[in-house]
Amino acid sequence: MRKGLGLRVAALLLALAFAVGMAACGDDDDGDGGGGGDGGPTTLRVGVIPIADVAPLYLGMKKGFFEEEQLTLKPQLAEGGAAITPAVVSGDFQIGFSNTISLLIAASQDLPVQIISQGVLAGKTEEDAWADLLVLKDGPIKEPQDLEGKTIAVNTLKNICEVTIKASLEKEGVAVDTLEFAEVPFPDMNAALEGGRVDGACVVEPFVSQGKAGAARGIDPFYVRTAPDLTVATYFTSTQYAEQNADVVDRFVSAMNKSLTYAQSHPDEVRDVLLEYTEIPPEAAEAIKLPVWRPDLNEPTIELLSELSLKYGLIEEQPDLDELIRESGG
């Protein structure tokens, strides 16, 4: 096992070690994640990333979809799924938003996580693409092969950026084993690229449009090129929480599905809600390419990502997807 992956797994296992202790403490003084059986009011801490992907969650809160299910959400900001996963496993968050790769890694190490709802899809064509590998317009990278031996910024190491960029660039004949990856938060990607700290950047909205309006250009819409309608990220919980709070999880999924459907058909409201949890200006929110949302998990693309994770050495064996993906309603 490579050192980076070993450290990431060690961190996840450490978080798991705390889970039993935290569950035993049972500190629910503020009602977070507890007392919600049989349709009762429940407050959920939900780990999210301040990017366009999670707009349906915030929009669903505004529209009252979660309130209708007697759920109060408390979004908790993090850098990525690799950081959110341990918090969900430990019980610090009840629900999390994560790229699919982080969950596949966790499941491959027998960590108790379950995908419960769609998060965001890549889109069917490159015209739908809301994520791109950015390089400098006037820089030395002219074509994909120029990236060989270069450094690419990703929001967290060993995640979906690395897997899909490798999968996409390999189709272009790039020797992807020569690529290096550096961890940079999404809001800092464009600055890292323009400052010469990296040669390319895995960028998603709302930052893709900002980068392209400045010094950057897109060279590889990696999600769509990996697979049309790729399931990029999902909402998940711990197996323990799902078993002990099945009704709460079902209500969250019901409200989330309404939120995903509503967001897809109300882009103007999505752009408005982006201003409430990101730091982008209104003109940037108007210009971005919105992600694609719908309830369907598109499980074949999750299986593809599992196969690619094994191929590129992020996991040693593929997890059982029947265990990782929770059946609707239980």
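Treat the numbers as computed from the prediction; the structure is a model and nothing was measured.

J.: Any chance you could explain the overall build of the chain here in plain terms?
T.: Helix and strand content of the chain: 15 helices and 10 strands. Here the chain holds 330 residues, and 57% of them are scored as buried. Restricting to contacts in the chain with at least 6 residues of sequence separation, those with at least 24 account for 80%. On the chain, roughly 13,300 Å² of surface is accessible, and the fraction owed to carbon and sulfur atoms is 49%.

J.: Would you explain the sheet that holds strand β2 (residues 71-77) in this entry?
T.: Hydrogen bonding along the main chain pairs the strands of a sheet, whether they run parallel or antiparallel. The strand order β2-β1-β3-β10-β4 describes an open sheet built from 5 strands, whose pairing is mixed. Across the chains shown, the open sheet's two edge strands, defined by having one partner strand only, are β2 and β4 (113-121). Between one strand axis and the next, the sheet turns through 25 degrees on average, direction left out of account. Where β4 and strand β10 (residues 231-238) come together, 7 bridges link them in antiparallel fashion. Note that in β10 the partner of V113 across the bridge is S238. Its contacts with the sheet place helix α5 (residues 100-108) against β3 (95-99), β4 and β10, and it is angled at close to 105 degrees to β3.

J.: Just to check I follow, could you spell out the side chain of T237 for this structure?
T.: Topologically, T237 is positioned in strand β10. Reaching out from T237, the side chain makes a polar contact with the backbone oxygen of Q94 at a distance of 2.7 Å. Not counting residues up to four positions away in its chain, the partners in contact with T237 are V88, Q94, I95, P112, V113, Q114, I116, A242 and V249.

J.: Which parts of the structure should I look at to understand the pattern of salt bridges?
T.: One side chain can pair with another of opposite charge once the charged atoms of both are near each other. Inspection of the entire model under this criterion finds 13 salt bridges. Among the salt bridges present, the one from R251 reaches D247, with a minimum N-O distance of 2.9 Å. Of the two residues, R251 and D247 both sit in helix α11 (residues 246-265), 4 residues apart, roughly one turn of that helix. Taking the relative accessible area as the measure of exposure, R251 reaches 7% and is therefore buried. D247 gets classed as partly exposed once you look at its relative accessible area, which sits at 30%. The salt bridge involving D296 is made with R294; its shortest N-O contact spans 3.5 Å. Taking relative accessible area as the criterion, R294 reaches 25% and is therefore assigned partly exposed. Members of the salt-bridge network, linked through shared partners, are K124, D229, R294 and D296.

J.: Looking at this structure, how should I read unusual backbone geometry?
T.: With glycine set apart, most residues show a phi of negative sign, and most peptide bonds adopt trans. Going from E205 to P206, the amide bond is cis rather than trans, its omega being 20 degrees. Within the secondary structure, P206 sits in the loop between β8 (200-204) and α8 (207-213). A positive phi angle, near 60 degrees, is found at Q70, a position not held by glycine. Relative to the assigned elements, Q70 resides in the loop between α3 (65-68) and β2. The exposure class assigned to Q70 is partly exposed, which follows from its relative accessible area of 38%.

J.: What is the right way to read empty space enclosed by the protein from this model?
T.: Sizing a probe to match a water molecule and rolling it over the atoms shows the empty space that remains. Overall, the coordinates contain 3 cavities of 30 Å³ or more when judged by the stated rule. Taken as a whole, the largest cavity holds about 110 Å³ of empty space. Around the largest cavity, the lining is made up of 16 residues, and of these I49, N99, I160, F186 and Y223 lie nearest the centre. Elements with a contribution of two residues or more to the lining of the largest cavity: β3 and β10. Ranked by the residues each element gives to the lining of the largest cavity, the list is headed by β3, at 3 residues. Counted by class, the lining of the largest cavity contains 10 nonpolar, 5 polar and 1 charged residues.

J.: Just to check I follow, could you spell out a negative patch on the surface for this structure?
T.: Among the surface-exposed residues, D110, E299, E316, E317, D320, D322, E323 and E327 lie close enough to one another that they form a single negatively charged patch. Along the polypeptide, D320 turns up in the loop between α14 (299-311) and α15 (321-324). Taking the relative accessible area as the measure of exposure, D320 reaches 41% and is therefore partly exposed.

J.: Is there a simple way to explain the sheet that holds β8 in this structure?
T.: Ordered in space as β7-β6-β8-β5-β9, the 5 strands form an open sheet in which the pairing is mixed. Lying at the two open borders of the sheet, with one neighbouring strand each, are β7 (180-183) and β9 (216-220). Pairwise comparison of adjacent strand axes, ignoring direction, gives a mean angle of 40 degrees for this sheet. In this structure, strand β6 (residues 151-154) lies alongside β8, joined through 2 bridges in parallel fashion. Bridge pairing links A153 to A201 in β8.

J.: How should I be thinking about the environment of V163 in this particular structure?
T.: Inspection of the secondary structure puts V163 in helix α6 (residues 160-171). Sequence-wise, V163 and Y223 are 60 residues apart; in three dimensions their C-alpha atoms are separated by 9.6 Å. Excluding its chain neighbours within four sequence positions, the residues that come into contact with V163 are I101, L305, L308, S309, Y312 and L314.

Calculation rules
Residues numbered from 1 in each chain as written. Predicted model: local features only at pLDDT ≥ 70, side-chain atom pairs only at ≥ 80, totals over all residues. Heavy atoms only, no water. Helix = DSSP H or I, 4+ residues; strand = E, 2+ residues; numbered from the N terminus. Buried < 20%, exposed > 50% of the residue type's maximum accessible area, 1.4 Å probe, protein only. Contact = heavy atoms within 4.5 Å. Areas by Shrake-Rupley, 256 points an atom, 1.4 Å probe, with all protein chains shown as cover. Pairing = 2+ DSSP bridges. Axes fitted to C-alpha atoms, helices over the stretch in contact; angles between N-to-C directions. Polar contact = N/O pair within 3.5 Å; in protein donor to acceptor, adjacent residues only side chain to side chain. Salt bridge = Lys/Arg side-chain N within 4 Å of Asp/Glu carboxyl O. 1 Å grid on protein atoms, 1.4 Å probe; cavity = no way out; pocket = protein on both sides within 12 Å on 5 of 7 lines; lining within 4 Å. Points joined across faces, edges and corners; volume = space filled by probe spheres on them. Nonpolar A, V, L, I, M, F, W, Y, C, P; charged D, E, K, R; others polar. Patch = residues over 30% accessible without salt bridge, like charges linked within 9 Å, V, L, I, M, F, W, Y side chains within 5 Å. Lys, Arg positive; Asp, Glu negative; His and termini not counted. Charge placed at Lys NZ, Arg CZ, Asp CG, Glu CD.

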